[in-house]
Every structure is written in C-alpha cells, then in structure tokens.
Amino acid sequence: QQPVQSPQAVILREGEDAVINCSSSKALYSVHWYRQKHGEAPVFLMILLKGGEQKGHEKISASFNEKKQQSSLYLTASQLSYSGTYFCGTDYRGNTGKLIFGQGTTLQVKP
Amino acid sequence: EAQVTQNPRYLITVTGKKLTVTCSQNMNHEYMSWYRQDPGLGLRQIYYSMNVEVTDKGDVPEGYKVSRKEKRNFPLILESPSPNQTSLYFCASSSSLRADTQYFGPGTRLTVL
C-alpha cells in the first residue's frame, strides 16, 4: 500500500533537471509532495488532486496521472537549496485525513 | 508567528514508563496528525484528527494513544513504551488536508532503553 518512489537517490550539478516519481498500486485521490532537509521537519511543496491541474512552485512542478496511478515531481534548473529528501504522500480515500508516504528520494545538488 | 510546537524535543526513557509528547498549534487548524520517521521507512502516520473529539488510526497506531479535547492540542501518549518505539516523531496540522499546507512541528527524538 505504501507508494513507491523512484529513484531512491540522485546526484545533480547545479542547473540540471531531475524527475522524481511516485507510483501507487491503488487508485489515488490526491498526492502531496514534501521536502525535508537534514535535521529539519518536512516542508510542504504542493498537493495534486484527482482531476486537478498540474501544479507549480518556483522551478518545481508536478503532475498527476490518475490512470497510471502515478505522480511526478519536476525540478528544473536545480539549485543547491533543492538538496534534501523528497517524499510523496498519498491519499486513497479522499479527505479522510489518512496519508501514506513513500520511502523518500534523496536529492543532492552539487556546485 | 504561525507554528506547531512539540515538547519535549528530546527524550530518553526506559521501557514501560508512560510518557506524553505534547503538540500545539496556533493556526486554528481543524486537522492534526502524528507521524514517526525511521531510516529507510519514510514517514508513517500514527493517528490523525479531523476535528475536536474526532480521532482515527493511521498506519501504525499500535502502542500509541491520542486525544483531541481542544482544537489547538493533540498529545501523543505512550502508555508502556518499548524499544521499537525509538524514533523521530512529528506532529502536523492543516486547515484542510484536501487543499492546504500541512505544517510540521520541529520533531521529538525519543529513545526508549
């Protein structure tokens, strides 16, 4: 039931792009994306709802493919500040409050 | 300042000694939730609350209790802690999980010996 994130880890140079995927074996109602820096609490990035539009946040955007039960997070022209662990949280039932998170993708951006 | 606070931030205790981790938010949020984070396992939801007096189990509720008597507070209770509950715990709140930011507290690192 836990969504699967891929890749598990990625190393980039500043300015490069990355894609992080979150795949589910069950139909999704919404997908939440968070970033966590080492030693800190997770920080909300965006929510994608079933039937909703692709979201964007600075140079970070995401899509939600309901048929494939998958969401992808796109990091464009990565900056050093993008380093951290990215988590997707999945909601299978719609506004019930229950969230199941993936295992995380560690992103390291080097100068 | 809008925030979620947790206390204590660090705690070392022994097996079987009851403890409570407090969580408080000042944003008048209806939704609150507790998570534990362990290496390689990501965040796992323990309990959540959609409103006062309404709580429900997350993915890993065994060994934990919660209560929501007031909107701002959502304490996590470990009645008889065991070493497998050693973890990093986060409390979070949101006005609406469907469409709004979920704010996380700073975390409580618990060690059960």
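For the structure itself, consult the block above.
Residues numbered from 1 in each chain as written. Chains lettered and ligands numbered in written order. Predicted model: local features only at pLDDT ≥ 70, side-chain atom pairs only at ≥ 80, totals over all residues. Heavy atoms only, no water.

Caption draft 1: Fine view of the layout of surface pockets. By volume, the largest pocket amounts to about 640 Å³. Considering the residues around the largest pocket, the lining is formed by 28 residues, among which Q36, H38 and G39 of chain A together with Q37 and L88 of chain B are closest to the centre. When residues of the lining of the largest pocket are traced back to their parent elements, those giving at least two are β9 (84–91) and β11 (105–110) of chain A together with β4 (31–38), β9 (87–94) and β11 (108–112) of chain B. Of the residues in the lining of the largest pocket, the class split is seven nonpolar, 16 polar and five charged. (1 Å grid on protein atoms, 1.4 Å probe; cavity = no way out; pocket = protein on both sides within 12 Å on 5 of 7 lines; lining within 4 Å. Points joined across faces, edges and corners; volume = space filled by probe spheres on them. Helix = DSSP H or I, 4+ residues; strand = E, 2+ residues; numbered from the N terminus. Nonpolar A, V, L, I, M, F, W, Y, C, P; charged D, E, K, R; others polar.)

Caption draft 2: Representation of the environment of I77 of chain B within the structure. Residue and element names in this part refer to chain B. Its location among the elements puts I77 in strand β8 (residues 76–78). Judged by its relative accessible area of 15%, I77 falls in the buried class. Taking the C-alpha atoms as reference points, I77 and S67, 10 residues apart in sequence, are found 8.5 Å from one another. If near-sequence neighbours (up to four positions away) are discounted, I77 is found in contact with K18, L19, T20, G63, Y64 and K65. (Buried < 20%, exposed > 50% of the residue type's maximum accessible area, 1.4 Å probe, protein only. Contact = heavy atoms within 4.5 Å.)

Caption draft 3: Focus on the nonpolar core. Counting residues in hydrophobic clusters, the biggest one holds 23 residues, and the most contacted among them are W33, M46, L73, L75, Y82, Y86 and L107 of chain A. Counting only elements with at least two residues in this core, the list comes to β2 (9–13), β3 (18–23), β4 (30–36), β5 (43–49), β7 (60–65), β8 (70–75), β9 and β11 of chain A. Residues within four places of Y82 of chain A in sequence aside, it is in contact with R35, K37, K59, I60, L75, T76, A77, L107 and V109 of chain A. By size, the runner-up hydrophobic cluster in this structure holds 19 residues, among which are V60, F74, C91 and L110 of chain B. (Core = buried A, V, L, I, M, F, W, Y, C linked by side-chain atoms within 4.5 Å.)

Caption draft 4: Structural context of the interface of chain A and chain B. Across the contact, 22 residues belong to chain A and 23 residues belong to chain B. Of the roughly 1,800 Å² buried between chain A and chain B on both sides combined, carbon and sulfur atoms contribute 56%. Viewed at the interface, chain B and chain A are joined by zero salt bridges. Among the secondary structure elements, those contributing two or more residues to the side of chain A that touches chain B are β4, β5 and β10 (100–101) of chain A. The class makeup of the residues in the side of chain A that touches chain B is 11 nonpolar, eight polar and three charged. (Buried area = accessible area lost by both parts, 1.4 Å probe. Salt bridge = Lys/Arg side-chain N within 4 Å of Asp/Glu carboxyl O.)

Caption draft 5: Expanded view of the sheet that holds strand β3 (residues 19–25) of chain B. All names here are of chain B. The strand order β1-β3-β8-β7 describes an open sheet built from four strands, whose pairing is antiparallel. Pairing within the sheet leaves two strands with one partner each, and these edge strands are β1 (4–7) and β7 (65–66). With three bridges joining them, β3 and β8 adopt antiparallel strand pairing. Residue L19 lies in a different strand from β8, and its bridge partner there is L78. (Pairing = 2+ DSSP bridges.)

Caption draft 6: Molecular detail of the pairing of β11 of chain B. All names here are of chain B. Across the two faces of β11 the burial differs, with T108, L110 and V112 buried and R109 and T111 not buried at all. Bridge count for strand β2 (residues 10–13) against β11 is four bridges, and the pairing is parallel. Bridge pairing links Y10 to R109 in β11. Here β9 pairs with β11 via three bridges, running antiparallel. From the neighbouring strand, Y89 faces β11, where its bridge partner is T108.

None of the figures reported here should be taken as evidence of function without further support.
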